[in-house]
Amino acid sequence: MAVLQARVLYEGTADGPVLWLDEPLSFWGGFDPATGIIVDNNHPQNGKCLTGTILVLPGTRGSGGTPGGVAEAIRLGTAPRAVIMQAGDANVMIGAAVAEKLYGLICPVLELSGAGFASLRHAGQASVTSEGQIIV
Amino acid sequence: MSASLNLNDDCAAMLYGDQGPALQFAMQLVKRAASAMGASELVPVSFAHIDACFYAGRAHVDFARFMLEAGAKFNIPAWTNNGLVSLTDENIRDPKTEMARGAKELMQLYAKLGCRTVWTCAPYQLPGGPVLGDHIVVGESNAVSFYNAAVGARTNKYGDYLDVACGLTGYAPLSGLHTDAGRRAQILFDTSAVPDTLKQQDIYFHLLGTFIGQSAGKQIPAIDALDPDAGEDALKAISAAAAAAGGVEHWHGIGRTPEAPDRQTAFAGLDPVKRVPVTLDTLSAARRSLTSASDGPVEMVALGTPHFSFTEFADLVPMLQGRKINPATKLYISTSRHVRDLAAQNGWIDALEKAGAEIIVDTCTYFSPAVRGCRGRVMTNAAKWAWYAPGMLGVEVCFGSLAECAETAVRGEVWRDANLWRELD
């Protein structure tokens, strides 16, 4: 077991199977909130379903529509259980904050830079604490 | 979590709920964003261009309704971006889908929240907007790029909901492009190898913007040099293309844009970290990246991404006046109500409609249900449209000049001005 300390962008607890993405993702246009599936033809994990995972990705890209895509997926129950980004930004966090306010559903968002991030690549299961610890 | 964020009394009062639950939640979002962005101060903002009025699912409607019912009202000018549908002639174009209903409901909610309902992705074409040095909040990528570069107003690219939160509270995190240090040019694009004749053509600015977007990465580009007489449409083309092809949020046109009277000033006295030559080869490659179709019959010609300007109407009308668009081809022109009304005063809308063109307001051919059924070849004069459409709409695209688009619409098949492309083929 290993414990990694991340920066908390949106607090909450979660556990589940780790899904690693090789490239940044746009949650608007590159992801379908109705199904939870990546629909960006240029993304190496195109077709993967994010639902119920501890999602680990380098960051987001593209459109300012990401908060809406995240909030809509949380509303529909297709979202990851937690999102861990190497380069955190406001967009996923804002989507998570709006979803909790509107629907009472929590999706923690963390930033984990450095060597710890790469160590998640082959992790099977992970859990996230509200203090930002990632237990693998 | 963000113990290092300094809040003035006004902001602190909002955070404590003294001004009601809507502003409390909005300030919580702004504070969280400041923490995520590493800002230690907030800066007052004087203008917002709201992108969250573009329907992207039920959560958007629920958010706007929550804010309205919690008593929110914009206290600074807040202008709306395109909606997903047109509010003016929905019977013609909008299928009665849940998406179209949700989109209309969302647009009405932002009107009730106190937005000025301009419904345009090119708000800088309207009078009374921000000026040099203003701190503003913008989400639409081409408008972020245009306001920063061409106007010298200061904004980061604000994602949905945060644009609303900043607009409602009147504050944004002081970071990135709001700061002097975050605005200086870093990478130099040298255009001295490009023939002057090409620099006079509308296609040049779209190709240049596309190449810059593809090459700049996260660095702020400066173009050395840009024609001091390059018009607003040229700056729009560069802004939209660079934002679409690479996420450029700010750029300098040396000798043309307000923060770049000369190279020294644009780079704040420092050396460029990289110099990139712009050549006929690089522009040809940009052209290829905007054209996925071979020449042939055209199902649709799409003009006005970002929204068609008054001067673009002035250029287009003589090309189509008294002519007829091919019955097998649709010509759509997306614009704002404001520009459409100005053009109508000159009789231009009548002339274009007589020729068979359709004018679309409030929305964009790129998003509109109007084009959902189109599966054939599309020609456009807009790099942004050409960049996104093959992936997102599944259509084949030819990029061309405005004159080529007009002639193509009349002929019903792709027409090329051989002189225009001689150097770029």
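The structure we're discussing is the one just above.
This report concerns the structure included in the present document.

Conventions and cut-offs
Residues numbered from 1 in each chain as written. Chains lettered and ligands numbered in written order. Predicted model: local features only at pLDDT ≥ 70, side-chain atom pairs only at ≥ 80, totals over all residues. Heavy atoms only, no water. Buried < 20%, exposed > 50% of the residue type's maximum accessible area, 1.4 Å probe, protein only. Helix = DSSP H or I, 4+ residues; strand = E, 2+ residues; numbered from the N terminus. Contact = heavy atoms within 4.5 Å. Pairing = 2+ DSSP bridges. Axes fitted to C-alpha atoms, helices over the stretch in contact; angles between N-to-C directions. Phe/Tyr/Trp six-rings, centres within 6.5 Å; stacked < 30°, edge-to-face > 60°. Buried area = accessible area lost by both parts, 1.4 Å probe. Salt bridge = Lys/Arg side-chain N within 4 Å of Asp/Glu carboxyl O. Polar contact = N/O pair within 3.5 Å; in protein donor to acceptor, adjacent residues only side chain to side chain. Nonpolar A, V, L, I, M, F, W, Y, C, P; charged D, E, K, R; others polar. 1 Å grid on protein atoms, 1.4 Å probe; cavity = no way out; pocket = protein on both sides within 12 Å on 5 of 7 lines; lining within 4 Å. Points joined across faces, edges and corners; volume = space filled by probe spheres on them. Left-handed = near helix turned anticlockwise from the far one by under 90°.

### Section: helix H1 (residues 66-76) of chain A
Now for step 1: Counting buried positions over the 11 residues of H1 of chain A gives nine, a clear majority of the element.
Now for step 2: Among the residues making up H1 of chain A, those that are buried are Thr66, Pro67, Gly68, Gly69, Val70, Ala71, Glu72, Ala73 and Ile74 of chain A.
Now for step 3: Elements that come into contact with the buried residues of H1 of chain A comprise strand S4 (31-32) and helix H2 (90-103) of chain A together with helix H3 (58-69) of chain B.
Now for step 4: Remark: Gly77 of chain A follows H1 of chain A within two positions and exhibits a positive phi of approximately 75 degrees.

### Observations regarding the sheet that holds strand S11 (residues 330-335) of chain B
All names here are of chain B.
Now for step 1: In spatial order, the strands read S12-S11-S10-S13-S14; together these five strands make up an open sheet with parallel pairing. Only two strands of the sheet have a single partner each, and these edge strands are strand S12 (357-361) and strand S14 (396-399). Between one strand axis and the next, the sheet turns by 25 degrees as a mean value, whatever way the strands run.
Now for step 2: By the bridge criterion, five bridges tie S11 to S12 in an arrangement that is parallel. When the sheet's bridge partners are listed, Leu331 is paired in S12 with Ala357.

### A few points about unusual backbone geometry
Residue and element names in this part refer to chain B.
Now for step 1: With omega at 0 degrees, the peptide bond leading from Asp224 into Ala225 counts as cis.
Now for step 2: With an omega of -5 degrees, the peptide bond running from Thr305 to Pro306 counts as cis.
Now for step 3: Relative to the helices and strands, Pro306 resides in the loop between strand S10 (300-303) and helix H13 (310-320).
Now for step 4: In the Ramachandran plot, Tyr161 falls in the positive-phi region, its phi being about 80 degrees despite a non-glycine side chain.
Now for step 5: Inspection of the secondary structure puts Tyr161 in the loop between helix H6 (141-151) and helix H7 (162-169).
Now for step 6: Look at Asp362: it is not a glycine, yet its phi comes out positive at around 75 degrees.
Now for step 7: Along the polypeptide, Asp362 turns up in the loop between S12 and strand S13 (377-380).

### Re the pairing of strand S6 (residues 187-190) of chain B
Residues and elements named next belong to chain B.
Now for step 1: Summarising the sheet, S6 and strand S7 (residues 221-224) pair through four bridges and their orientation is parallel. Within the sheet, the bridge partner assigned to Asp190 lies in S7 and is Asp224.
Now for step 2: Strand direction decides the pairing type here: S6 and strand S9 (residues 274-277), joined by four bridges, are parallel. Across the sheet, the residue bridging to Ile187 is Lys274, located in S9.

### Digging into the sheet that holds strand S4 (residues 137-138) of chain B
Residue and element names in this part refer to chain B.
Now for step 1: Strand order in the open sheet formed by three strands is S3-S2-S4, with parallel pairing between adjacent strands. Two strands in the sheet have a free side with no partner beyond their single neighbour: strand S3 (78-80) and S4.
Now for step 2: Pairing of strand S2 (residues 48-50) with S4, which is carried by two bridges, proceeds in the parallel orientation. Bridging from a neighbouring strand, Ala48 pairs with Val137 of S4.

### Concerning the packing of aromatic side chains
Residues and elements named next belong to chain B.
Now for step 1: Evaluation of the coordinates by the stated rule reveals 14 aromatic pairs over all chains.
Now for step 2: Between Phe25 and Phe66, the aromatic rings sit 5.9 Å apart at their centres with planes inclined by 90 degrees, giving edge-to-face as the arrangement. Of this pair, Phe25 sits in helix H2 (residues 21-37) while Phe66 sits in helix H3; the two residues are 41 residues apart in sequence, bridging distant segments of the chain.
Now for step 3: For Phe25, a relative accessible area of 4% gives the class buried.
Now for step 4: Residues Tyr204 and Phe205 carry aromatic rings whose centres are separated by 5.2 Å and whose planes lie at 65 degrees to one another, so their mutual orientation is edge-to-face. Taken as a pair, Tyr204 and Phe205 share a single burial class, namely buried.

### What about the interface of chain B and chain A?
Now for step 1: Residue-level contacts link 23 residues of chain B with 25 residues of chain A.
Now for step 2: At the boundary of chain B with chain A, total buried surface from both sides reaches about 2,000 Å², with 68% on carbon and sulfur atoms.
Now for step 3: Of all residues in chain B, Arg32, Ala36 and Tyr161 of chain B bury the most surface against chain A, accounting for 25% of the area lost on that side.
Now for step 4: Inspection of the region where chain B meets chain A yields one salt bridge.
Now for step 5: Residue Arg32 of chain B is joined to Glu11 of chain A by a salt bridge in which the shortest nitrogen-to-oxygen separation is 2.9 Å.
Now for step 6: Across the contact surface, chain B and chain A share eight residue pairs in polar contact (both at pLDDT 80 or more).
Now for step 7: Those elements that provide at least two residues to the side of chain B that touches chain A are H2 and H3 of chain B.
Now for step 8: In terms of residue class, the side of chain B that touches chain A is built from 14 nonpolar, four polar and five charged.

### Some thoughts on the layout of surface pockets
All names here are of chain B.
Now for step 1: Taken as a whole, the second largest pocket encloses approximately 400 Å³ of empty space.
Now for step 2: As for the second largest pocket, its lining consists of 24 residues, and the residues nearest its centre are Gln200, Gln201, Asp202, Phe205 and Asp315.
Now for step 3: Residue composition of the lining of the second largest pocket, grouped by class: nine nonpolar, six polar and nine charged.

### What about the packing of H2 of chain B against H7 of chain B?
Residue and element names in this part refer to chain B.
Now for step 1: Here H2 crosses H7 at 115 degrees, and the two axes come no closer than 8 Å. Crossing angle aside, the handedness with which H2 passes H7 is left-handed. Judged by residue contacts, Leu23, Ala26, Met27, Leu29, Val30 and Ala33 of H2 engage Leu162, Ala165, Cys166, Leu168 and Thr169 from H7.
Now for step 2: Class assignment for the residues of the contact of H2 with H7 results in 10 nonpolar, one polar and no charged.

Just geometry here; none of it tells us what the structure is for.
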